[in-house]
Amino acid sequence: MKAIIDRFEGFYAVCEKEDKAMINILKINLPSEVKEGDVLIFENNKIFIDIEETKKRRKEIEKLTQGLWE
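Calculation notes
Residues numbered from 1 in each chain as written. Predicted model: local features only at pLDDT ≥ 70, side-chain atom pairs only at ≥ 80, totals over all residues. Heavy atoms only, no water. Core = buried A, V, L, I, M, F, W, Y, C linked by side-chain atoms within 4.5 Å. Buried < 20%, exposed > 50% of the residue type's maximum accessible area, 1.4 Å probe, protein only. Helix = DSSP H or I, 4+ residues; strand = E, 2+ residues; numbered from the N terminus. Contact = heavy atoms within 4.5 Å. Patch = residues over 30% accessible without salt bridge, like charges linked within 9 Å, V, L, I, M, F, W, Y side chains within 5 Å. Areas by Shrake-Rupley, 256 points an atom, 1.4 Å probe, with all protein chains shown as cover. Salt bridge = Lys/Arg side-chain N within 4 Å of Asp/Glu carboxyl O. Pairing = 2+ DSSP bridges.

Overview of the nonpolar core
Phase 1 of the analysis: Ala-3, Ile-5, Ala-13, Cys-15, Ile-25, Leu-30, Val-34, Leu-40, Ile-47 and Ile-49 together form the largest nonpolar core, which totals 10 residues.
Phase 2 of the analysis: Those elements that place two or more of their residues in this core are β1 (2-9), β2 (12-17) and β5 (46-49).
Phase 3 of the analysis: If sequence neighbours within four positions are ignored, Ala-13 has contacts with Ile-5, Arg-7, Phe-8, Ile-23, Asn-24, Ile-25, Lys-27 and Leu-30.

Next up, the structure:
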């Protein structure tokens, strides 16, 4: 399963799963370096940051927002 960190609220990361459902994950269960927008992978009861997918999404968002503030 994959999910994207939408925001942090208190002790939780609010994440959007691939099926668009929202879930709350305790921050203590996440890698310490996570940030909003990171793509998470859930495998074998562990959570990892999908670095390549996160970079890809950031580039896509940058491309979409390019020129909005000119």
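A short note on the side chain of Asp-50
Phase 1 of the analysis: Residue position: Asp-50 is located in the loop between β5 and α1 (51-65).
Phase 2 of the analysis: Dropping the residues within four chain positions of it, Asp-50 is found in contact with Lys-2, Val-39 and Ile-41.

Details of a nonpolar patch on the surface
Phase 1 of the analysis: A cluster of nonpolar side chains, Phe-11, Tyr-12, Leu-26 and Ile-28, forms an exposed patch at the surface whose accessible area comes to about 480 Å².
Phase 2 of the analysis: Overall, Tyr-12 belongs to the partly exposed group, its relative accessible area being 38%.

Overview of unusual backbone geometry
Phase 1 of the analysis: In the Ramachandran plot, Asn-44 falls in the positive-phi region, its phi being about 50° despite a non-glycine side chain.
Phase 2 of the analysis: By the element assignment, Asn-44 lies in the loop between β4 (39-43) and β5.

A few points about the pairing of strand β3 (residues 22-26)
Two faces belong to every sheet, and in a regular strand the side chains alternate between them.
Phase 1 of the analysis: Where β2 meets β3, five bridges bridge the pair, whose relative direction is antiparallel. The partner of Glu-16 across the bridge, within β3, is Met-22.

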